[in-house]
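Here is what each chain is made of, one letter per residue.
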Amino acid sequence: MIAEKKKGVITRLESAGLVRPLVNKMYSEGNLAAEEGRPVAWAMVNWWEGDIIMRAMGVTPVYPENYGTVCASDGIVQKYMGVSAAEGFPTHLCGYAQNALGYTTEMKKEGQVPPDAPMGGMAKPTFMLCSEGMCDARYKWFQSLRQYWDVPIWTLSFPHPDFYDLQDESIHQINIDYMAAEIEGFIAFLEGLLKKKIDYDKLEEMLANQEKVFQVWWEINDLRRAIPCPVHGRDFWTMMVPCLYQAYDPQTLAVYQAVYKEVKERVDNGVGALSEERYRLLFAEIPPWASLGFFDKLAERGWNFVAESMGYHPPPPMELPGNGDIKQRIARWTYWFYISHVYRASKKGYYIAGAAQPYYNWAIEYKADGMLIHPVVTCRTATFWLTHTINVLKEKLEIPGLSIQGDIVDITLFDAASALNQAPAFEEAMDHFRQVRKTKGLDW
Amino acid sequence: MMTQGKLQGLTKAVDVYKNRYKRLRELRAEGKKIMGYVCAYPPLEIVTALGYIPFRILGTMDEPITKADTQVPAIICPMLRSMLDLGINGKIDFLDGFIGAHTCDCTQKFSHLYQYNMQLPFYRFLDVPHVVHKPSLDFMKEGIRILQQSLEKHTGQKLAPERLQEEIKKHNEQRALVRQLYGLRKQDPPLLSGVETLQIVLSLLCLPIEEGSTMLREIIAEVKSRPQKIQKKHARLLLWGTPLTETSIVEMIESADANVVMDDICTGTRHFGLDVELTADPLDGLAKRYLDDLKCPRTYREATDSFAADQEARFGYIAKYVRDWKVNGIILESMKYCDTHGYEVPAIKAYFDRLGIPSLYLEHEYTMVALAPLKTRVEAFVEMIS
């Protein structure tokens, strides 16, 4: 019985443990900066468009989106969401936003970080940095915070070309030029606010480090195409944090290089993340952060998650042409992150799926047997395409999908037990469609 | 049966409102081309200048969503889901093209999915920035230029700036007529009810510009000369919020001893309230009007002085409506799952609290059946104002 229970359990990467100190540093440095009188920004995830600029200006960003996951794991999120609702914010808004709105209300009431705030809370911002990128909450939420924090706000621009446009090369430079012009505006905003000039040498150094981080983290994920897959999604979600928030940091590069070495060794020796990989799955989009143990239960059944969470992946090696101007380069990476799935697929000849393209590509490249989607009750951005995506994968590639609803912070909305009850039937579907794919000439 | 083209004035507006696709089908049968679009952001001047009749695609609260639910989860904007449903179910089968837009995140995604399903002969997507910095205005202008070029290529016509200027004047003329129409509601009691106004405005979204303007002139004359029809009531309300595609919510409010005398919705003043400035390069005027002048919560405006300055920048124009239309209460209406409007609620409420104007937030499910409980709240609100 014991041996059977252990079968299929995830073999976590040892090097993934190196990530923890980086994550801890990220959570603590905001409070440290505030204590030392250095500027702190509340920042949205901005896919590298603003982070290194802030860092080069000596600003320490803290990320309320991330803090939402901390509060979810701690359980205090329910309190903060209640406070947000009492302030008049609708309860369907982004769970991370509700958490931050509630937290801020409490902080203003207390006149300090609320005593029950996990991980020391978030220090008062000097300014706030929104991003237009990918979802409306990421500028509306900070605009709403304006009534609590009377501090300046800047919003980073982020073009959203249509999927049908991404094969039109002329569109790309227009979009990048626009972003670069807006980045120039952001630098001017910071210089005015902080009364100092940006150090372009430092910025260049950070960007160079960031580009190396992208490369190695992308290579790690590319290695996951191996059968068996050497890295389970659980390790991905742990390891994606430094790339998303600390790509400027040489320590991040060193950690990823260590991770790469371990993953490469696994691939070279045919070692997978599960002792028996029965099924290879994709996952979209945001996981139930407070219930990640759910994936361990699925791993016991031989479900290996081989690619997941499009928004947390690094951009692939750059294919867009462009000049070496640093603002253009910063813009180009963020833009490339956004368009690369469709762009690359069209070059490879399997552009077909529009918004479902990232998962369509991964289904082919990672030889997926199934897809698990997690519609998130308080996140329309991460949820909109999920049904369409599993429809496309089923119609075009004979890959079945399973939907399990939950939330990013509200742990009461995720029912792991009933979700697990669906696993046996879904395995039958994955087995069946394996046969169907073979009859249709697909090679997995 | 009489064609809608031969009807006049209010009769026509009501008929077009009730049978929204009929006139468009008549026109298409005559060889005209119809361009569907989303939101109030695509510059319609370019669409009409190149020979299309613009039709704003809207959902309906009247019909349950069926096939769209197999493509879009239920936590997404119900109006967009309904719009997709009407398309998939063949109810909107008269389009020759579609202009999508990045106005909110869900509308952007909807635009792509709509074209993915409908495969219309012409499709163009307008990427509208959320900010109004100088580079954003340049970017908006570039997006409009690309839209124009795409449509020129599709139609084989070249659009001269002078021709576009003429078209802008024609649209501005209609906007001026809508403002005149809204002006009929300034007196107490208003000459036109909120329900009638919404019927007229929604019908305009389904008619060629000249035909709509002719209808507006007839209506204005008709209303001015008809016996006073609207009763004086205790509350003169302004309705702020998400698009209204039917009159049911306004009917519900006006049945509660209130007149809806003004609105700030995008099937109302946001769509028709502002002219396009006639600039040397007409695209400059269009970019400014559609990105900066048009006030929708989807656009972010930095105000660095204070929260009060921020509120003034966001809601000051509504305060002017309140003064000019002698409004004594505001209904903040939003369909569920509209994040763009949802985030605004505490700030706009606080703003009007400060001005001493009471407000009521009503969140609805975008279905007729769910309106009854809201009526009780509206009645209590009106009683409080009284």
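Starting afresh in each chain, residues are numbered from 1 along the sequence in its written order. Following the order in which they are written, the chains are lettered starting with A and the ligands numbered starting with 1. Selection of residues for local features in this predicted model requires a pLDDT of at least 70, selection of side-chain atom pairs for listing and counting requires 80 or more, and totals for whole chains, interfaces and linings are taken over all residues.

Chemist: Just to check I follow, could you spell out the overall build of chain A for this structure?
Modeler: Each helix and strand in chain A was counted, giving 18 helices and 8 strands. Atoms considered for the radius of gyration are the C-alpha atoms alone. The globule rule reads 2.2 Å times the number of residues to the power 0.38. In terms of overall dimensions, chain A is globule-like: its C-alpha atoms have a radius of gyration of 22 Å, near the 22 Å expected for 444 residues. Exposure classification rests on a simple neighbour count of other C-beta atoms within 10 Å of a residue's own: a residue reaching 20 or more is buried, one at 12 or fewer is exposed, and one in between is partly exposed. C-beta atoms are placed from the backbone. Taken over 444 residues, chain A has a buried fraction of 54%. The contact rule is simple: place each C-beta atom from the backbone, and if two of them lie within 7 Å, those residues are in contact. A separation of at least 24 residues holds for 77% of the contacts in chain A among residues at least 6 apart in sequence. In this description a helix means any DSSP run of H or I spanning at least four residues, a strand means any run of E spanning at least two, and both kinds are numbered starting from the N terminus.

Chemist: Teacher, can you tell me more about the overall build of chain B here?
Modeler: In terms of regular secondary structure, chain B is built from 16 helices and 8 strands. Its C-alpha radius of gyration of 20 Å places chain B within 12% of the 21 Å reference for a compact globule of 386 residues. For chain B, the spread of C-alpha atoms along the principal axes amounts to about 60 × 60 × 45 Å. Taking all 386 residues of chain B together, 54% fall into the buried category. In chain B, once contacts between residues fewer than 6 apart in sequence are set aside, the share between residues at least 24 apart is 72%.

Chemist: Help me understand the sheet that holds strand β6 (residues 258-264) of chain B, please; the structure alone is not making it clear to me.
Modeler: Sheets are built from strands that pair by backbone hydrogen bonding, the pairs being arranged parallel or antiparallel. All names here are of chain B. With respect to topology, 4 strands assemble into an open sheet ordered β6-β5-β7-β8, the strand pairing being parallel. Edge positions in the sheet fall to β6 and β8 (359-364), since each of these pairs with one other strand and no more. Along the sheet, successive strands turn relative to each other by an average axial angle of 30 degrees, direction set aside. In this sheet, strand β7 (residues 329-335) lies alongside strand β5 (residues 235-241) in parallel orientation, the contact comprising 5 bridges. Paired with leucine 239 across the bridge in β7 is isoleucine 331. In this description, strands pair whenever DSSP reports at least two bridges between them. Between N-to-C directions, angles span 0 to 180 degrees; the directions come from axes that are lines fitted to C-alpha atoms, helices contributing only their stretch in contact.

Chemist: Which parts of the structure should I look at to understand the pairing of strand β1 (residues 33-37) of chain B?
Modeler: Consecutive side chains of a regular strand alternate in pointing toward one face of the sheet and then the other. Residue and element names in this part refer to chain B. Within β1, 4 of the 5 residues are buried, which leaves the element mostly enclosed by the surrounding structure. For β1 and strand β2 (residues 52-56), the ladder comprises 5 bridges, and the chain directions are parallel. Bridging across to β2, isoleucine 34 finds its partner in isoleucine 53. Sheet analysis places β1 next to strand β3 (residues 97-101), joined by 3 bridges and oriented parallel. The residue of β3 that forms the bridge with methionine 35 is glycine 97.

Chemist: Teacher, can you tell me more about the interface of chain B and chain A here?
Modeler: Taken together, the contact pairs 45 residues of chain B with 47 residues of chain A. Those elements that place two or more of their residues in the side of chain B that touches chain A are α5 (105-118), β4 (122-126), α6 (134-155), α13 (307-324), α14 (339-342) and α15 (345-354) of chain B. Three categories are distinguished: nonpolar for Ala, Val, Leu, Ile, Met, Phe, Trp, Tyr, Cys and Pro, charged for Asp, Glu, Lys and Arg, and polar for the others, with Gly belonging to the last. For the side of chain B that touches chain A, the residue count by class is 22 nonpolar, 13 polar and 10 charged.

Chemist: Please clarify how the domain arrangement of chain B should be interpreted in this entry.
Modeler: Many descriptions give the size of an interface as the accessible area lost when the pieces come together. Residue and element names in this part refer to chain B. Looking at the assigned domains, one finds that chain B contains domain 1 (19-159) and domain 2 (226-385). Contacts between the two partners involve 28 residues from domain 1 and, on the opposite side, 30 residues from domain 2. Those elements that provide at least two residues to the side of domain 1 that touches domain 2 are α4 (78-88) and α6. The element contributing the most residues to the side of domain 1 that touches domain 2 is α6, with 6 residues. Across the side of domain 1 that touches domain 2, the residue classes break down as 19 nonpolar, 5 polar and 4 charged. How far each domain reaches was decided by an automatic or database domain assignment.

Chemist: Before we go on, may I ask you to explain the packing of helix α9 (residues 200-223) of chain A against helix α13 (residues 326-348) of chain A in this structure?
Modeler: For any two helices packed against each other, one specifies the inter-axial angle together with the distance between the axes. All names here are of chain A. It is at 11 Å that the axes of α9 and α13 come closest, and there the two elements cross at 30 degrees. Between α9 and α13, the crossing angle belongs to the class labelled roughly parallel. Along this stretch, α9 crosses α13, giving a crossing that reads as left-handed. The residues of α13 that touch α9, namely those facing Tyr200, Leu203, Glu204 and Leu207, are Ile326, Arg329 and Ile330. Looking at the contact of α9 with α13 residue by residue, the class counts come to 5 nonpolar, no polar and 2 charged. By definition in this entry, angles of less than 35 degrees are roughly parallel, angles greater than 145 are roughly antiparallel, angles of 65 to 115 are roughly perpendicular, and the rest are oblique. Handedness of each helix crossing follows the sense of rotation of the near helix against the far helix: counterclockwise by less than a right angle gives left-handed, clockwise gives right-handed.

Chemist: How do you make sense of the environment of valine 261 of chain B when you look at a structure like this?
Modeler: Relative to the helices and strands, valine 261 of chain B resides in strand β6. Residue contacts for valine 261 of chain B: discarding those within four places in its chain leaves Arg185, Pro190, Arg236, Leu237, Trp325 and Val327 of chain B.

Chemist: Is there a simple way to think about the environment of serine 334 of chain B in this case?
Modeler: Residues and elements named next belong to chain B. Looking at where serine 334 falls in the secondary structure, it is placed in strand β7. A residue is classified by how many C-beta atoms lie within 10 Å of it, and serine 334, with 23 of them, is buried. The spacing of serine 334 and threonine 242 is 92 residues in sequence and 5.1 Å in space, taken between C-alpha atoms. In this structure serine 334 touches Gly241, Thr242, His341, Gly342 and Glu363, once residues within four positions along its chain are discounted.

Chemist: In this structure, what is going on with the nonpolar core? I would like to understand it.
Modeler: Soluble globular proteins tend to bury their nonpolar side chains together. By convention in this section, buried Ala, Val, Leu, Ile, Met, Phe, Trp, Tyr and Cys residues joined through C-beta atoms within 7 Å make up a nonpolar core. In this structure, Leu281, Leu282, Ala363 and Met371 of chain A together with Leu237 of chain B are the most contacted members of the largest nonpolar core, which totals 268 residues. With 11 residues, α13 of chain A is the largest single contributor of residues to this core. The contact partners of leucine 237 of chain B, leaving out residues within four places of it in the chain, are Ile253, Ala258, Asn259, Val260, Val261, Val327, Gly329, Ile330 and Ile331 of chain B.

Chemist: What exactly am I supposed to notice about the sheet that holds β2 of chain B here?
Modeler: Residue and element names in this part refer to chain B. The 4 strands are arranged β2-β1-β3-β4 in an open sheet whose pairing can be described as parallel. Both edges of this open sheet fall to β2 and β4, since each of them pairs with a single strand only. Looking at each pair of strands side by side, their axes are set apart by 20 degrees on average, direction ignored. Two elements, β3 and β4, share 5 bridges in a ladder whose sense is parallel.

Chemist: Please clarify how the packing of α13 of chain A against helix α14 (residues 357-365) of chain A should be interpreted in this entry.
Modeler: Residues and elements named next belong to chain A. Across the interface, α13 lies against α14 with an axial gap of 8 Å and an inter-helix angle of 55 degrees. It follows from the interaxial angle that α13 and α14 lie oblique. In terms of crossing hand, the pair formed by α13 and α14 is left-handed. Counted together, His341, Val342 and Ala345 of α13 and Gln357, Pro358 and Asn361 of α14 form the full contact between these two elements. Looking at the contact of α13 with α14 residue by residue, the classes come out as 3 nonpolar, 3 polar and no charged.

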